[in-house]
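Below are the chains, spelled out letter by letter.
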Protein chains: 2
Amino acid sequence: MAIEKTNRINALFEFYEPLLTSKQTEYIALYYRNDYSLGEIAENYHISRQAVYDNIKRTEVILEAYEKKLHLLQQFQLQSKQTDELLIYVEKHYPQDHTLLKLVKKLEQLEE
Amino acid sequence: MAIEKTNRINALFEFYEPLLTSKQTEYIALYYRNDYSLGEIAENYHISRQAVYDNIKRTEVILEAYEKKLHLLQQFQLQSKQTDELLIYVEKHYPQDHTLLKLVKKLEQLEE
């Protein structure tokens, strides 16, 4: 399984988990977050490997559909990049201004 | 209709509109965004005033349910407040540093 794919699904899952059903959440969390194999999940739930696979693929489609509508991951990535840029600038030019640093770091925390 | 209620529903609607059906979108947009009365909407769509009212109330519940799950409005309000605080500080202490000002303002735009 490609690492980029895993990272993307895990990131989408972070944002949209509250919109999924508990069954969708279970399989995709075991597979992507906890790195179980399809076979292991199938065995645990006494269902076929194919059924687990189908469920996970359907949930991936749902996650991507939510991202297409709400763009939360994209928005987060843009904001993170911009806040990083600001933080680097502030640390370079005003390393003594602890108030300014604190204000920027608080913003960084709010984005997470 | 209370102005706070109108503002809140309009704000929630801004965030969660992509998750609503087109019918839900229509009535609530006319009522809250364009300030039509229930009677005017009922007349336009040839349905009862009560049917319009019920539909709008159901959509309000759906909007609040999404907010309870995803907190996008709350998150936006916290970030805006923090970015405002940062901008005020920067404008007061570093009014000559246009690069810094630009970095903060770009962040403000990304939040919208």
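Quick note: structure is the one above.
Since the model is a prediction, treat every value here as computed from it, not as a measurement. (Residues numbered from 1 in each chain as written. Chains lettered and ligands numbered in written order. Predicted model: local features only at pLDDT ≥ 70, side-chain atom pairs only at ≥ 80, totals over all residues. Heavy atoms only, no water.)

Draft legend 1. Broad picture of the interface of chain B and chain A. Counting residues at the interface gives 26 residues for chain B, matched by 26 residues for chain A. With both sides pooled, the region where chain B packs onto chain A buries about 2500 Å², and carbon together with sulfur makes up 69% of that total. Contact with chain A buries area across many residues of chain B, yet B:Gln82, B:Leu103 and B:Leu110 alone supply 23% of it, more than any other trio. At the junction of chain B and chain A, the tally comes to 0 salt bridges. At the boundary of chain B and chain A, one finds 9 residue pairs in polar contact (both at pLDDT 80 or more). For the side of chain B that touches chain A, the secondary structure elements donating two or more residues are α4 (49-70), α5 (72-93) and α6 (98-111) of chain B. Ranked by residues supplied to the side of chain B that touches chain A, first place goes to α5(B) with 10 residues. Looking at the side of chain B that touches chain A, its residues break down into 16 nonpolar, 5 polar and 5 charged. (Contact = heavy atoms within 4.5 Å. Buried area = accessible area lost by both parts, 1.4 Å probe. Salt bridge = Lys/Arg side-chain N within 4 Å of Asp/Glu carboxyl O. Polar contact = N/O pair within 3.5 Å; in protein donor to acceptor, adjacent residues only side chain to side chain. Helix = DSSP H or I, 4+ residues; strand = E, 2+ residues; numbered from the N terminus. Nonpolar A, V, L, I, M, F, W, Y, C, P; charged D, E, K, R; others polar.)

Draft legend 2. Just helix α2 (residues 22-33) of chain B, in detail. Residues and elements named next belong to chain B. Taken as a whole, α2 has its buried residues at Gln24, Thr25, Tyr27, Ile28, Ala29, Leu30, Tyr31 and Tyr32. As for α2, its buried residues are in contact with α1 (3-16), α3 (38-45) and α4. Two residues or fewer after α2 comes Asp35, characterised by a positive phi angle close to 60 degrees. (Buried < 20%, exposed > 50% of the residue type's maximum accessible area, 1.4 Å probe, protein only.)

Draft legend 3. Local environment of the nonpolar core. The biggest cluster of nonpolar side chains holds 44 residues, and the ones touching the most others in it are A:Tyr16, A:Ile56, A:Leu63, B:Tyr16, B:Ile56 and B:Leu63. Those residues within four positions of A:Leu63 in sequence are excluded, and the remaining contacts are A:Ile9, A:Leu12, A:Phe13, A:Tyr16, A:Leu20 and A:Ile28. Core analysis: the second largest hydrophobic core is formed by 20 residues, A:Leu86, A:Leu100, A:Leu107 and B:Tyr94 among them. (Core = buried A, V, L, I, M, F, W, Y, C linked by side-chain atoms within 4.5 Å.)

Just geometry here; none of it tells us what the structure is for.
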